[in-house]
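Structural overview for review
The residues making up each chain are set out below.
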Amino acid sequence: MEAQFYRHLLQFKRPGGTSRGILTEKETFILEIFDGEKKGIGECAVFRGLSSDDVPEYEQKLEWLCKNINAEETFIKRELRDFPSIWFGLEQAKRNLEFGEGVYFPSQFTEGQGFIKINGLIWMGDADFMKSQIREKLDLGYDCIKLKIGVNWDEEKEILKNLRKEFSAEKLELRVDANGGFSFNEAITVLQELAELKIHSIEQPIKARNADEMAELCAETPTAIALDEELIGVNDFSEKKILLEKIRPQFIILKPSLCGGFSGSDEWIELAENQGIGWWITSALESNIGLNAIAQYTFIKKPKMPQGLGTGALFTNNFESRLNLVGDKLFHL
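Residues numbered from 1 in each chain as written. Predicted model: local features only at pLDDT ≥ 70, side-chain atom pairs only at ≥ 80, totals over all residues. Heavy atoms only, no water.

**A few points about the domain arrangement of the chain**
For clarity, the cut-off: As used throughout, domain bounds are those supplied by an automatic or database domain assignment. Contact definition: two residues touch when any of their heavy atoms are within 4.5 Å. Every case where a carboxyl oxygen of Asp or Glu lies within 4 Å of a side-chain nitrogen of Lys or Arg is listed as a salt bridge.
If you check the domain split of the chain, you get domain 1 (2–99) and domain 2 (115–332). A C-alpha centroid distance of 23 Å is found between domain 1 and domain 2. Contact with domain 1, which involves 33 residues of that partner, is made by 37 residues of domain 2. Here domain 1 and domain 2 share zero salt bridges between them.

Shown next as C-alpha cells:
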C-alpha cells in the first residue's frame, strides 16, 4: 500500500459562535491510501485548540504514517496513541479501501433504507440571531434542539424560558452545551434553573480536568450532565474506566475525531453501558468525508436518542456528500 495526505481549510458560511470564541475556518487533513487501483479516503480531523493532538509535530506524524503505512497495525496504533484524529483518519481510509464508493460501514443506512434522527444545533449569537435559528429548526420539524450557552446566561435563560412557555418537554427536548463555560458555583445554580425548565441535559458545565468537582455535580445534579471535553485526551482503556467510575455522569458525548476514532468510541460505549451511563455521538466540524463515516458508524450502533450529526452544511467549500438531511432525519442516498 501507499499513502499520502493534504491539508484542507474549510470556510464557514457564517461565523460560528461558541464559548471558546468565534470560528470562521476549520483546518483538516485528508488521508488517501492506495492498494493498486483501489483507493480509500479518510479525514484526520484535528480540531485546533481542542484536540489533544493539536501539537506542532502533527503533520510530521502524518508523514510518518504515510512512510509506515505497511507496518503492523498494532505497531501503528501504538505509535498513534496520542494522535486520535490521525488514527481516526486511518480507520476511515482502510474501511473505505475495503468497501469503496463512499462506504465505511455497510448497512441499511448506506443502502438508503434507514435514517438517523438528529438534534438541531443553535449557534451562539445575540438573542435575535439565536431565536431565528430556533424558529428555522422548529419550522423544519425538529423536536430536539441543542443550544450553545455559557456566554450570557441571563439572556440564554430567557430564550429557554420562552421556548418552554411555547413547547412542553413532551413536545420539544432541549439540550444545552456549556463547553465548560461556568465555574463550579455558577454551575450549581444553573443546573437548578435548567431543571425548573425541564432541560434534558447539559454538556460539560465546567471545564474539563476538574474530576472531583464534576463528580460532585453529577452526584447531586437535578439536570442530567453529559461529559464532552472531559473525554478528550483519555486514550487508555483503564484510564477511561477510572474516569467514568469516578465521575459517574448521566451521559457521555462521543466525538470519534477526538476520542480515538471508531475503536476508541467502541471502548467508551462498552464502559458506559456497563455502568448504566447513556451516550450519543456528535460530529466535531468534520468535512463531509468524516461526517459521512461517523454517520455510518452511528447507525450501526443503533442509537436510542437524537444524535449530533448536522454540521456538513456549515461550510462553503465542503466535499460532495451522499448524506441528505430532511427535517431532523439524516439519510444516505
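Having seen it, we continue.
**Comments concerning helix α3 (residues 84–99)**
We count it as follows: Numbering of helices and strands runs from the N terminus, with a helix taken as a DSSP run of H or I at least four residues long and a strand as a DSSP run of E at least two residues long. For a helix, the expected span equals 1.5 Å multiplied by the number of residues minus one. Buried residues are those whose accessible area, probed at 1.4 Å on protein chains only, stays under 20% of the maximum for their type, while exposed residues exceed 50% and partly exposed ones sit between those limits.
Its 16 residues give α3 an end-to-end C-alpha distance of 23 Å, which sits within 8% of 22 Å, the value for a rise of 1.5 Å per residue. Taken together, the buried positions of α3 are Pro84, Ser85, Ile86, Trp87, Phe88, Gly89, Leu90, Glu91, Gln92, Ala93, Asn96 and Leu97. One or two residues past the end of α3 sits Gly100, with phi positive at roughly 65°.

**Some remarks on the sheet that holds strand β13 (residues 329–332)**
Just so we agree on the cut-off: Following DSSP output, two strands are said to pair if at least two bridges run between them. Convention adopted: a line fitted to C-alpha atoms gives each axis, helices being fitted over their contacting stretch, and angles between N-to-C directions are expressed from 0 to 180 degrees.
The strand order across the open sheet formed by three strands is β4-β13-β12, and the pairing between neighbours is antiparallel. Edge positions in the sheet fall to β4 (115–117) and β12 (323–326), since each of these pairs with one other strand and no more. With strand direction ignored, the average angle separating the axes of adjacent strands in the sheet is 25°. Contacts from helix α10 (residues 288–300) reach β4, β12 and β13 within the one sheet, and its direction differs from that of β4 by about 90°.

**As for unusual backbone geometry**
Most peptide bonds adopt trans geometry, and most residues besides glycine take a negative phi value. Despite not being glycine, Asn179 shows a phi value in the positive range, around 50°. Among the secondary structure elements, Asn179 is positioned in the loop between β7 (173–177) and α6 (184–196). Look at Asn179 and you get buried, because its relative accessible area is 9%.

**Overview of the pairing of strand β11 (residues 278–281)**
For clarity, the cut-off: Think of it like this: strands point away, you trace from the first strand over the helix to the second, and a clockwise trace means the crossover is right-handed.
Going residue by residue along β11, you find Gly278 and Trp280 tucked away on one face and Trp279 and Ile281 tucked away on the opposite face as well. The sheet contact formed by strand β10 (residues 251–254) and β11 spans four bridges and is parallel. Bridging across to β11, Ile252 finds its partner in Trp279. For the crossover that starts at β10, traverses helix α9 (residues 261–274) and ends in the parallel β11, the hand is right-handed.

**Some thoughts on the sheet that holds β7**
In space, the seven strands of this open sheet follow the order β5-β6-β7-β8-β9-β10-β11, with parallel pairing throughout. Looking at which strands have only one partner, the edges of the open sheet turn out to be β5 (120–122) and β11. Mean inter-strand twist for the sheet, computed between neighbouring axes without regard to direction, equals 25°. By the bridge criterion, two bridges tie strand β9 (residues 224–227) to β10 in an arrangement that is parallel. Counted as the bridge partner of Leu227 is Ile252 from β10.

**Side note on the environment of Arg7**
What counts is decided by this rule: Between N or O atoms, a polar contact is any pair within 3.5 Å; within protein, one atom must be a potential hydrogen donor and the other a potential acceptor, and residues adjacent in sequence are included only when both atoms are from side chains.
Following the sequence through the fold, Arg7 ends up in strand β1 (residues 2–18). Looking at Arg7, the relative accessible area reads 47%, which means it is partly exposed. In this structure the C-alpha to C-alpha distance between Arg7 and Asn185, which are 178 residues apart in sequence, comes to 42 Å. Once residues lying within four places of it in the same chain are set aside, the contact partners of Arg7 are Glu27, Thr28 and Phe29. Within the structure, Arg7 has its side chain in polar contact with the side chain of Glu27 (distance 2.6 Å).

**What to know about the pattern of salt bridges**
Scanning the model with the defined rule gives 24 salt bridges in all. Close ionic contact of Arg135 with Glu166 constitutes a salt bridge, the shortest N to O distance being 3.3 Å. You can see Arg135 sitting in helix α4 (residues 127–139) and its partner Glu166 sitting in helix α5 (residues 153–166), a full 31 residues away along the chain. Take Arg135: its relative accessible area is 36%, and that puts it in the partly exposed class. Here Asp177 and Lys146 are joined by a salt bridge, their closest N and O atoms 3.7 Å apart. With a gap of 31 residues between them, Asp177 in strand β7 and Lys146 in strand β6 (residues 144–148) connect regions that are remote in the sequence. You can call Lys146 buried: its relative accessible area is 6%.

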